Amino acid sequence: MASLLTGKVSSGMTQPLPSSVASDLAEIVGHEHVITDPDRLLVYESDGLTAYRRSPRAVVLPSSTEEISAVVGLLHSNGIEVIPRGAGTGLSGGALATPEGVIVGTARMNRILKIDVENRIAIAQPGVINARLTEATNPYGLYYAPDPSSQSTCTLGGNVAENSGGPHCLKYGVTARYVTGLTVVLAGGRIVELGGVGRDPYTTLDLVGLFVGSEGCFGIATEIELRLLPITEGVRTLLGIFESVESAGRAVTKIIASGLMPAAVEIVDGPTIEAVEASVFAAGYPLEAGAALVIEFDGTEAGLDLDADRAEQCCLEEGAIEVQRATDPEHRMKLWRARKKAFGAMGRIAPDLLVQDATVPRTKLPEVLAGIDNIGNRYGLKIANVFHAGDGNLHPNILFDRQNQNELELVERASKEIMQLCVDAGGTITGEHGVGVDKREYMTLVHGPAELEAMAAAKRVFDPASLFNPGKVLPAVEVKEANESRSN
Amino acid sequence: MRVDLTDSLSRLLPGEAFGHSVPSSLWAVLRTGVETVVAPGSTEEVATLLKWASEMGVRVVPIGTGAHMCPRYPRDPFIVLTTSRLKEIQHYEPADLTMTASAGASIRDLSTETAIYGQWLPFDPPDVPNRTLGGLVATGLSGPLWAGYGQLRNHVLGATIVCGDGRALRLGGKVVKNVAGFDILKLMVGSRGELAVITSVTVRLFPLPVVDQLLVLEATDVSELVSTARAVATAPIMPASIILSGTSDGGRLLVRLHGAKVSVEADQKSLEKHTGVSFEVRNTPEAESLLVHKRDSRINAELAVRVWALPSRIGVLLDVLKKVPGVSLNADVYGGSVRAYLPVNLSDIESSLAGLQKDIEELGGTIRALRIPAEVNASSYFAKPLVDEGELAAGLKRAFDPHAVLWGIE
Amino acid sequence: MTGAPAYEALGQALDAQKERLLPCVHCGFCLPACPTYNRLGNEADSPRGRLHLMQAVVEGRLDPSSEAFRTHIDRCLGCRACEPVCPSGVEYGTLLELARETATKAVPQGLPTRFLLKVLGTRALRSPFFFIGRLLRGTGLAALGATVLPSYGPFRAIRLVLAMLASTTRWQPMASEEATSGNTDSGSHDVSRRSRVAVLLGCVQEGLFARINSATVRVLEANGYEVVLVEGQDCCGALHAHGGDLESARMLARSNIRAFKASGADLIAVNAAGCGAAMKDYGILLEGDPDFVQRAEEVALAVRDVSEILASSGPRIGASIPCKIAYDHPCHLLHAQGVEHAPITVLEAVPDAEVHIVAGAEECCGGAGIYGITHPELGGLIGGDKVSAVRACLADVVATPNPGCMMQIGAGLRLEASNEGVIHPVELLDESYRRAGFYRAGGAE
């Protein structure tokens, strides 16, 4: 994808890897799993956020904890930065290479090592695809709860790095809730075990909790112990059709405030409906609707119809045009598929797309949505909203055409205004996509220099020489200033 | 505490910060007599105190009520920082199910407020109503309810803290999903005041269950209930909590079901079908008293340990623990931990504990002293972190409390 | 690196396809669907990676004659499993063919590929070629060679080819001679909706599986369709398009369009998934040809897999054939044509035939033309997984409606000395009708 936003695409030449390092890497993982050909490295120049491009010096694809440890040890001893990468589906540029860096990919570490049915845990390698864990544990009546929209392709290692969410984290919580233990490879290739379900969690600090969401800046998780849940007995999925996204937002507030605990509450707005219905995942959403609200309840079969009735009532009170109920599993899957594939389906209605991610207090949804609409109108940009409404986690997708240079600048300005709007409403700059490179400059909207320095200090404990995924998460300038002010 | 130090501090903080008392039991835990107690009235005053302590080389012991602390040995001189003057609810938006309150607010007071809106904090470690919000977060304890609600660490959305060197930080925020930066907030949950003093906390609240049903199964020996308890823990439904308690008089399995009336009834049926037993339903206040978090008598026992292992090992843990004469046991079947309250007249405490420790560790579990008589060296009975974890924790300690002002990680 | 003649070619080919390339938002949903990525873990061997390489060529950042471009474009099986999972609807198959053409123009294909394409696309060469093939099969030499030849060095490929050839033998439990054919008895079956159906005979199908073509005609007739013979039809051109020889593919397509238009048939029944997928895309193949594009689209719209035609009217139930069948989806039926249930419906019209879907049936068998020969290791890996999955069904016979897949799976089973037969679903239905006596009545053919 061509340069999206001016100044973000690296023009610096990537330095080739010294041949001795390349041959040592090949010694560790096998020749075919070390990529150094610049032509081939092109495919690793972006992750799911193509606004940024930079080829790594090499890509290494190890297959075990020991190989990762040896690879990291070798690279770090040569002062070479390591950029961890899973499936490359991240939306904040978290797997973007540095000019000096080597990507260590987990694609070949795709084995589920253990399923402990008695204790309801599984141990997986980081390259295991999220949905595969649920598939593998379903025969035991268990499943893995976090379900990011990219779950059919994103990896558990990436989920740990980003602390991924998903529609059902409204009721079930995000990745951090399910990670009970980790084997990690830290700076210099040191293999360290953290936590574990059978160990007293109060013997030390919550290092597992700190590692989850560290965006590859602390190390690489090479074995992940995860908590599984029993498959719920029943599910009810509702689809509320609204004239406007604001009224759908009000219905969400009403449902949550009424004491109901839905498993998921998602809003798909008009422009998104248009895109999804044009794609192979068309779910039969009415094209003239201003917004569709997907509400799901799960749990004991006996209580579900009551919950669904109450939620339906809330929707109707807020002016829903109609409320449908998915009657069979196939219909339910179809409703969800449309929601989950919405991001990809945007390719249908515009050549380019900037996926935003921010969280606001749920009660602020209607006013923030109106504000986003207003920003879109002012800049003449189409903004499609598809998001986890129950959590207040917004995904305004700005649609544009990168060929139009003028539009690029407008996109950038609109994007910034949306972030500010969300922060002003008491929200934050990212709910689940992470900071990566894309949101570094927004970090100062929500954190002061002292907080940023504290984060930098935590990173230094794990990675003193900053050889893991440098240039991500923390805005370099602020950290430097904080250092200066501290030494004063 | 030397007089000149107290003098220099009294010039920095208002008079209201001084002259506070703490429970006498605290001094037993701290193995010392009365020292200076300071009660700052704001985050800024906490920062002032810690900056001063850093300069003076004075150790600070932060407490909530001071009633639930594990034995420690702070070196002299030290002062006790109590959050007892930090009590207000700063922000409560029922429609968002979020609340921000100062660290010293008691769970009882907060619950009274949230109950008005049909909401609550679903955490039930022992004596929870008498704990403070800051203390709850600092200990990181969720109680057996984490089976149904998840752990406290997942529901702390934000906090204001003051690091050991007096830096005040605002961590997290007011929203339920937030990945803006490294999660040092999570590091504070369960950090026992070793990195920073927590001055306010934002938590996620939950709607109160329409029905809170307690299912009881009794037996003459707690071991007879283990297989049923494990069957409940691996049933297709997830109860709010599963507790096994036992004394020499007999054992009890307590299963809490939360939800609408119809779903709770259906859950009970499904559990009975799955386990093949019939439970007794008790919703009277008498039954409520069976839940350990409602009581505070036994948790004040002078000798208490917590044992932890894989949940599937709960039966063997209980087999070992129940051999101690006069022991009272309380197990979180879902989490895999057992609290054992031991009689103080245990003839030889040290050798009994050492024996227990050996047996538990052989079973792959860990044991930790929660409360221990003054004459026993408690540090032998702390579950130790792995070496690497300990090093990382020590590094984080240096980052947040560079002058080692706050008691903690040794 | 740009400015080479090959790049110019691409400028015309891929660049003209921007509309097809741009919808890729790099979401990565295609990665786990890709058999090569799943096994190699290298993103250059994933659909997203290949699209990225194509884009780089279009942008002039990558030379189409570069080893990277050629290797990774070549290594694609062309199974198109990435298409149904793509939320943006990227037309990967079409883009792959253009990329192959670009890469082939930069550096020609290897000799075996060029030879095979030449033979298949030329009627005069085809008949002696397949005659020799049938001779090797009929004399048992193919089977013998597949058994005795060693599995290393140059023998490996020969052994595989012979095994593929041997696997085209009729499954033993089927009638040993061509059905006692005659005008089929339409019986009490509803014939009111009788349409005129033409049958594509194809190249490999006619050369090695003529019995399937005959079975197709009989089964269609037994279901009340009027089958029209189409003179002048040729190879569909699918393999040429997949191989990047779009010019030959277009030539063949034009011949077929002329022939089928002239036949006046309402529908064109195709019994090879690869051919059906190619013919359904004739409109796209000839979109740059104003003289033909209209007719190409009309022909494409008339193309059906034979199972689609049979399933649409609910195939007539035949006589019992008790057997356990392992069904495997051909990629070009499931992914390229979106036909999932119709062939199973055909099998289910045979009483007592028990159908099991092979685990991982949606994944490519590794056949992909002559992939097993051009990419022995990777092809062997993918094929080996398929053979294991088939064997795990403990079935009597494997059914899959595509000659390439039949040969690939058949060869794999044969090389592992496993006894399952391989059939086209229509073959089983045909046998079932024969046993039911549907073909007995009426006069001679």
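Keep in mind the model is a prediction, meaning the values are calculated, not measured. Residue positions are given per chain, counted from 1 along the sequence in the order it is written. Chains carry letters from A onward and ligands carry numbers from 1 onward, assigned in written order. Confidence filtering applies because this is a predicted model: local features only for residues at pLDDT of at least 70, side-chain atom pairs given and counted only at 80 or more, and all residues used for totals across whole chains, interfaces and linings.

Asker: Give a description of the overall build of chain A that names residues and reports values.
Answerer: Counting from the N terminus, the helices are DSSP H or I runs at least four residues long and the strands are E runs at least two residues long. Within chain A, the regular secondary structure consists of 17 helices and 20 strands. Here the C-alpha radius of gyration of chain A, 23 Å, is about what a compact globule of 488 residues would show, namely 23 Å. Seen along its three principal axes, the alpha-carbon backbone of chain A occupies a region of about 70 × 60 × 50 Å. Comment: burial labels come from other C-beta atoms within 10 Å of the residue's own C-beta, placed from the backbone, where a count of 20 or more is buried, 12 or fewer is exposed, and between is partly exposed. The burial tally for chain A puts 64% of its 488 residues in the buried class. Here contacts are defined at the residue level, using C-beta atoms placed from the backbone and a cut-off of 7 Å between them. Considering only contacts in chain A between residues 6 or more positions apart, those separated by 24 or more positions represent 74%. Radius of gyration: over C-alpha atoms. The globule rule applied is 2.2 Å multiplied by the number of residues raised to the 0.38 power.

Asker: I'd like a description of the interface of chain A and chain C, backed by residues and values.
Answerer: Taken together, the 34 residues of chain A in the interface contact 27 residues of chain C. At the level of secondary structure, the elements contributing two or more residues to the side of chain A that touches chain C comprise α2 (38-41) and α12 (342-345) of chain A. At three residues, the largest contribution of residues to the side of chain A that touches chain C is made by α12 of chain A. The classification used treats Ala, Val, Leu, Ile, Met, Phe, Trp, Tyr, Cys and Pro as nonpolar, Asp, Glu, Lys and Arg as charged, and all other residues, Gly among them, as polar. Looking at the side of chain A that touches chain C residue by residue, the class counts come to 16 nonpolar, twelve polar and six charged.

Asker: Describe the interface of chain A and chain B, naming the residues involved and giving the relevant values.
Answerer: In this assembly, 74 residues from chain A lie in contact with 64 residues from chain B. Those elements giving two or more residues to the side of chain A that touches chain B turn out to be β9 (191-195), α7 (207-211), β11 (229-230), α8 (245-257), α10 (301-317), α15 (443-446) and α16 (449-462) of chain A. A total of nine residues in the side of chain A that touches chain B trace back to one element, the largest contributor, which is α16 of chain A. For the side of chain A that touches chain B, the per-class residue count stands at 33 nonpolar, 27 polar and 14 charged.

Asker: Any chance you could break down helix α13 (residues 365-379) of chain A for me, citing the residues and the numbers?
Answerer: Residue and element names in this part refer to chain A. Helix length check: α13, at 15 residues, gives a terminal C-alpha distance of 21 Å against a target of 21 Å (1.5 Å per residue), a fit within 8%. All of the buried residues in α13 are Leu 365, Val 368, Leu 369, Ile 372, Ile 375 and Gly 376. The buried residues of α13 occupy an angular sector of 115° when the element is viewed end-on, so they sit on one face. Facing away from the buried side of α13 by more than 90 degrees, the exposed set consists of Asn 374, Asn 377 and Arg 378. In the stretch just after α13, Gly 380 is the one whose phi turns positive, near 65°. Expected span of a helix: the number of residues minus one, times 1.5 Å. In this context, the arc is that of the directions from the helix axis out to the C-beta atoms.

Asker: I'd like a description of the packing of α10 of chain A against helix α9 (residues 261-275) of chain B, backed by residues and values.
Answerer: Every axis in this analysis is a line fitted to C-alpha atoms, fitted for helices over the stretch in contact. Angles between the N-to-C directions lie between 0 and 180 degrees. With their axes 7 Å apart at the nearest point, α10 of chain A and α9 of chain B run at an angle of 165° to one another. The angle between the axes of α10 of chain A and α9 of chain B places the two elements in the roughly antiparallel class. Note on packing geometry: the crossing formed by α10 of chain A with α9 of chain B is left-handed. In this structure, α10 of chain A contributes Glu 301, Ala 302, Gly 303 and Leu 306 of chain A to the contact, and α9 of chain B contributes Val 262, Ser 263 and Ala 266 of chain B. Among the residues making up the contact of α10 of chain A with α9 of chain B, the classes are represented as four nonpolar, two polar and one charged. Roughly parallel covers angles under 35 degrees, roughly antiparallel covers those over 145, roughly perpendicular covers 65 to 115, and oblique covers all other angles. Here a crossing is taken to be left-handed if its near helix is turned anticlockwise relative to the far helix by less than a right angle, and right-handed if that turn runs clockwise.

Asker: I'd like a rundown of helix α4 (residues 130-137) of chain A, residues and numbers included.
Answerer: All names here are of chain A. All of the buried residues along α4 are Asn 130, Leu 133, Thr 134 and Thr 137. Viewed along the axis of α4, the buried residues span an arc of 95°, placing them on a single side of the element. Those residues of α4 that are buried lie in contact with β5 (112-116), β6 (121-124), β7 (142-143) and α5 (156-162).

Asker: So what about the domain arrangement of chain C? Which residues, and what values?
Answerer: Residue and element names in this part refer to chain C. Residue ranges for the domains originate in an automatic or database domain assignment. Here the domain parsing of chain C yields domain 1 (5-106), domain 2 (111-164), domain 3 (196-311) and domain 4 (315-436). Taking only C-alpha atoms, the centre of domain 1 and the centre of domain 3 are 27 Å apart. Across the contact, seven residues belong to domain 1 and eight residues belong to domain 3. Taken together, the residues that form the side of domain 1 that touches domain 3 break down as one nonpolar, three polar and three charged.

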